[in-house]
2 protein chains.
Amino acid sequence: MARQARALATREAIIRGAAVVFERLGYGNASLADVAVEANVSKGALYFHFDSKDDLALAVIEEQNRISQVSGTAIIALGRPALETMILLCADLGRHLMTDPVVQAGIRLTTEAASFQPQVIEPYRDWLVTFENLIRTGIGEGDINENVAPDVLAWFIIPSFTGVQLVANVFTSRHDLLGRIRQMWEILLPSVTVPERYDDLRHLTRLVETPA
Amino acid sequence: MARQARALATREAIIRGAAVVFERLGYGNASLADVAVEANVSKGALYFHFDSKDDLALAVIEEQNRISQVSGTAIIALGRPALETMILLCADLGRHLMTDPVVQAGIRLTTEAASFQPQVIEPYRDWLVTFENLIRTGIGEGDINENVAPDVLAWFIIPSFTGVQLVANVFTSRHDLLGRIRQMWEILLPSVTVPERYDDLRHLTRLVETPA
């Protein structure tokens with residue numbers, strides 16, 4: 001048991017180290033040797049857990065997804081109305097993107113998918129399905145207008161968020177990300193909400209910068 | 001003169017070859033040897049024109065920017081109203097992203113900026129400034145509402161477009177990109193337009209899929 005716990009802790013340390021190295025150097029320039037140094041493990045220990053750089057990159061993406069899903073599930077469990085939940089989910093991922101190296105590296109590796117195989121498509125699909133369902137719920141709750149098909153709207157919000165965090169990273173290393181996410185929702189709300197509900201709902205954008 | 005023309009043609013061939021290789025392998029995995037093979041030039045000729053892979057990547061980005069700016073300038077010169085011009089510019093870049101390897105690679109390298117130095121920020125800034133000016137003009141023309149500050153709106157449209165093309169690349173290698181750009185504008189228009197002008201302007205989204 002103690003050995004198993006140690007092995008898990010080592011694996012975890014390697015993933016954190018890999019995240020820091022991928023985020024600093026990008027996938028292409030990172031080497032397994034860099035990761036071993038950053039994680040403070042021997043190359044032998046690293047190869048015991050991971051076969052290749054691809055393997056390591058996929059483990060970082062998987063761990064980022066796990067973190068994002070645990071966090072997202074907790075937000076959905078609050079049982080807030082769907083539109084509010086969507087805004088809180090964006091803010092939560094934004095906050096993780098500003099502070100957690102595993103989330104930073106996981107999202108970068110996902111957006112740089114072409115650098116390694118296979119194409120990383122599942123995280124996008126998970127977010128698209130979650131938002132499509134929330135949009136349907138939000139229509140049922142009378143907040144979201146049904147002029148735009150839920151799958152089409154989800155397919156704009158998720159790529160938009162992807163681009164907003166990417167460009168915020170380029171300009172400010174994401175220091176202004178929460179403000180950008182709030183502005184994204186300020187711009188989207190007139191299109192997304194039922195017009196008669198807009199005045200009641202526009203305050204929701206303030207939630208983005210409120211600690212959860 | 002003939003020698004200079006030949007040197008320019010070689011340089012052009014190397015940039016095209018580099019674009020194809022970067023697009024296929026990503027920046028990190030691409031080698032100068034791959035580029036020499038793809039461009040059908042000797043490694044000596046390649047090193048005569050470019051010092052390093054970074055140098056080559058920046059040349060691809062520069063050439064993509066040149067192509068996009070020439071094309072964009074022609075669209076602006078049509079003298080259409082600002083909102084229409086914005087939609088045409090997005091459609092035009094989308095069309096290049098579906099067909100031109102230099103544009104594909106240039107945009108990918110720009111979105112994967114962290115893979116090499118320096119950070120690539122100028123292309124984003126150019127697009128932001130162009131759109132901010134068009135938004136101001138569109139407000140003056142009575143089409144675009146002034147509820148959202150022009151710089152803020154531009155800073156949502158450009159990152160959104162960045163994300164839309166990126167996610168379309170992941171899912172369909174951009175085969176559906178023009179449809180996604182049309183949907184982006186269908187979703188944005190109620191937020192972007194002066195409400196009384198919306199019914200007159202919504203047909204503009206059809207321009208995205210109309211050959212220019």
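Just so you know, these numbers come straight off a predicted model, no measurement behind them.

Draft legend 1. Highlighting the overall build of chain A. A tally of helices and strands in chain A yields 10 helices and zero strands. For chain A, the N- to C-terminal ordering of α and β elements is α-α-α-α-α-α-α-α-α-α. By its C-alpha atoms, chain A is 65 × 40 × 30 Å across when sized along the principal axes. Relative to its full complement of 212 residues, chain A shows a buried share of 55%. Of the contacts made within chain A by residues no fewer than 6 positions apart, 68% connect residues no fewer than 24 positions apart. As displayed, chain A has an accessible area near 9300 Å², and 54% of this comes from carbon and sulfur atoms.

Draft legend 2. A look at the UniProt feature "domain: HTH tetR-type" (unreviewed entry) in chain A. Taking the numbering used here, the UniProt-annotated feature "domain: HTH tetR-type" (unreviewed entry) corresponds to residues 8–68 of chain A. From the first C-alpha to the last, residues 8–68 of chain A spans 20 Å; its make-up is 87% helix and 0% strand.

Draft legend 3. Main features of the side chain of Ser71 of chain B. Residue and element names in this part refer to chain B. Looking at the secondary structure, you find Ser71 in helix α4 (residues 53–77). Of note is the side chain of Ser71, whose polar atom sits 2.5 Å from the side chain of Asp92. Setting aside its immediate chain neighbours within four residues, Ser71 contacts Asp92 and His96.

Draft legend 4. Structural context of the side chain of Arg174 of chain B. Residue and element names in this part refer to chain B. Along the polypeptide, Arg174 turns up in the loop between α8 (150–172) and α9 (177–192). At 4.1 Å, Glu23 is the nearest oppositely charged side chain to Arg174, a buried residue that forms no salt bridge. Discounting residues that sit within four places of it in the chain, Arg174 has contacts with Glu23, Leu97, Met98, Gln104, Gln165, Ala168 and Asn169.

Draft legend 5. Structural context of the relation of the copies chain B and chain A. Between chain B and chain A, the superposition needs a rotation of 180° and an axial shift of 0.0 Å, giving an RMSD of 0.0 Å. Here the copies are linked by what is in effect a two-fold axis. When the interface residues of chain B are mapped onto chain A, 100% of them again fall at the interface, so both copies present the same face.

Draft legend 6. Quick peek at the packing of helix α5 (residues 82–99) of chain A against helix α6 (residues 101–111) of chain A. All names here are of chain A. Where α5 contacts α6, the axes come no closer than 6 Å and their chain directions differ by 105°. As far as their axial angle goes, α6 and α5 are roughly perpendicular. In this structure, α5 uses Leu93, His96, Leu97, Met98 and Thr99 to contact α6, whose residues at the interface are Pro101, Val103, Gln104 and Ile107. Taken together, the residues that form the contact of α5 with α6 break down as six nonpolar, three polar and no charged.

Draft legend 7. Region of the structure containing the packing of aromatic side chains. For the coordinates displayed, the defined rule picks out seven aromatic pairs over all chains. Pairing Trp127 of chain A with Phe131 of chain A gives two aromatic rings, centres 6.1 Å apart and planes at 50°, and the pair type is tilted. Of this pair, Trp127 of chain A and Phe131 of chain A both sit in helix α7 (residues 122–140), four residues apart, roughly one helical turn. Looking at Phe131 of chain A, the relative accessible area reads 1%, which means it is buried. The ring of Trp155 of chain B has Arg180 of chain A lying over it, and the distance from NZ or CZ to the ring centre is 3.9 Å.

Draft legend 8. Seen up close, the UniProt feature "DNA-binding region" (unreviewed entry) in chain A. Cross-referencing UniProt, the feature "DNA-binding region" (unreviewed entry) maps to residues 31–50 of chain A in the present numbering. Helix makes up 75% of residues 31–50 of chain A and strand 0%. Its end C-alpha atoms lie 13 Å apart.

Draft legend 9. Molecular detail of the interface of chain B and chain A. Contacts between the two partners involve 38 residues from chain B, matched on the other side by 38 residues from chain A. Here chain B meets chain A over a buried area of about 3600 Å², counting both sides, of which 72% is carbon and sulfur. The tally of links from chain B across to chain A stands at zero salt bridges. Counting the contacts that link chain B with chain A gives four residue pairs in polar contact (both at pLDDT 80 or more). Breaking the side of chain B that touches chain A down by element, the ones donating at least two residues are α1 (2–29), α6 (101–111), α7 (122–140), α8 and α9 of chain B. Of the residues forming the side of chain B that touches chain A, the biggest block, 15 residues, is contributed by α8 of chain B.

Draft legend 10. Representation of the nonpolar core in the model. Judged by nonpolar contacts, the single largest core of 144 residues is most densely connected at Phe22, Phe131 and Trp185 of chain A together with Phe22, Phe131 and Trp185 of chain B. Beyond its immediate sequence surroundings of up to four residues, Phe22 of chain A is in contact with Tyr27, Ala30, Lys53, Leu56, Ala57, Val60, Ala105, Arg108 and Leu109 of chain A.

Draft legend 11. Spatial organisation of unusual backbone geometry. Residues and elements named next belong to chain B. At Asn40, a residue that is not glycine, the phi angle is positive and equals roughly 60°. Take Asn40: it is sitting in the loop between α2 (32–39) and α3 (43–49). Even without a glycine there, the phi angle at Ser173 is positive, about 50°. Secondary-structure assignment places Ser173 in the loop between α8 and α9. Assessed through its relative accessible area of 53%, Ser173 is described here as exposed.

Draft legend 12. Layout of the pattern of salt bridges. Counted according to the given criterion, the structure contains 26 salt bridges over all chains. A salt bridge links Arg180 of chain A to Asp176 of chain A; the nearest nitrogen and oxygen atoms lie 3.1 Å apart. Arg136 of chain B is the partner of Glu132 of chain B in a salt bridge, and the nearest nitrogen-oxygen pair spans 2.4 Å. Here Arg136 of chain B and Glu132 of chain B lie together in helix α7, a separation of four residues that amounts to about one turn. Take Arg136 of chain B: its relative accessible area is 45%, and that puts it in the partly exposed class.

Parameters and conventions
- Residues numbered from 1 in each chain as written.
- Chains lettered and ligands numbered in written order.
- Predicted model: local features only at pLDDT ≥ 70, side-chain atom pairs only at ≥ 80, totals over all residues.
- Heavy atoms only, no water.
- Helix = DSSP H or I, 4+ residues; strand = E, 2+ residues; numbered from the N terminus.
- Buried < 20%, exposed > 50% of the residue type's maximum accessible area, 1.4 Å probe, protein only.
- Contact = heavy atoms within 4.5 Å.
- Areas by Shrake-Rupley, 256 points an atom, 1.4 Å probe, with all protein chains shown as cover.
- UniProt positions renumbered as here; feature names shortened; annotations may be inferred.
- Polar contact = N/O pair within 3.5 Å; in protein donor to acceptor, adjacent residues only side chain to side chain.
- Lys, Arg positive; Asp, Glu negative; His and termini not counted.
- Salt bridge = Lys/Arg side-chain N within 4 Å of Asp/Glu carboxyl O.
- Least-squares fit on C-alpha atoms with pLDDT ≥ 70 in both.
- Axes fitted to C-alpha atoms, helices over the stretch in contact; angles between N-to-C directions.
- Parallel < 35°, antiparallel > 145°, perpendicular 65-115°, else oblique.
- Nonpolar A, V, L, I, M, F, W, Y, C, P; charged D, E, K, R; others polar.
- Phe/Tyr/Trp six-rings, centres within 6.5 Å; stacked < 30°, edge-to-face > 60°.
- Lys NZ or Arg CZ within 6 Å of the ring centre and 35° of its normal.
- Buried area = accessible area lost by both parts, 1.4 Å probe.
- Core = buried A, V, L, I, M, F, W, Y, C linked by side-chain atoms within 4.5 Å.

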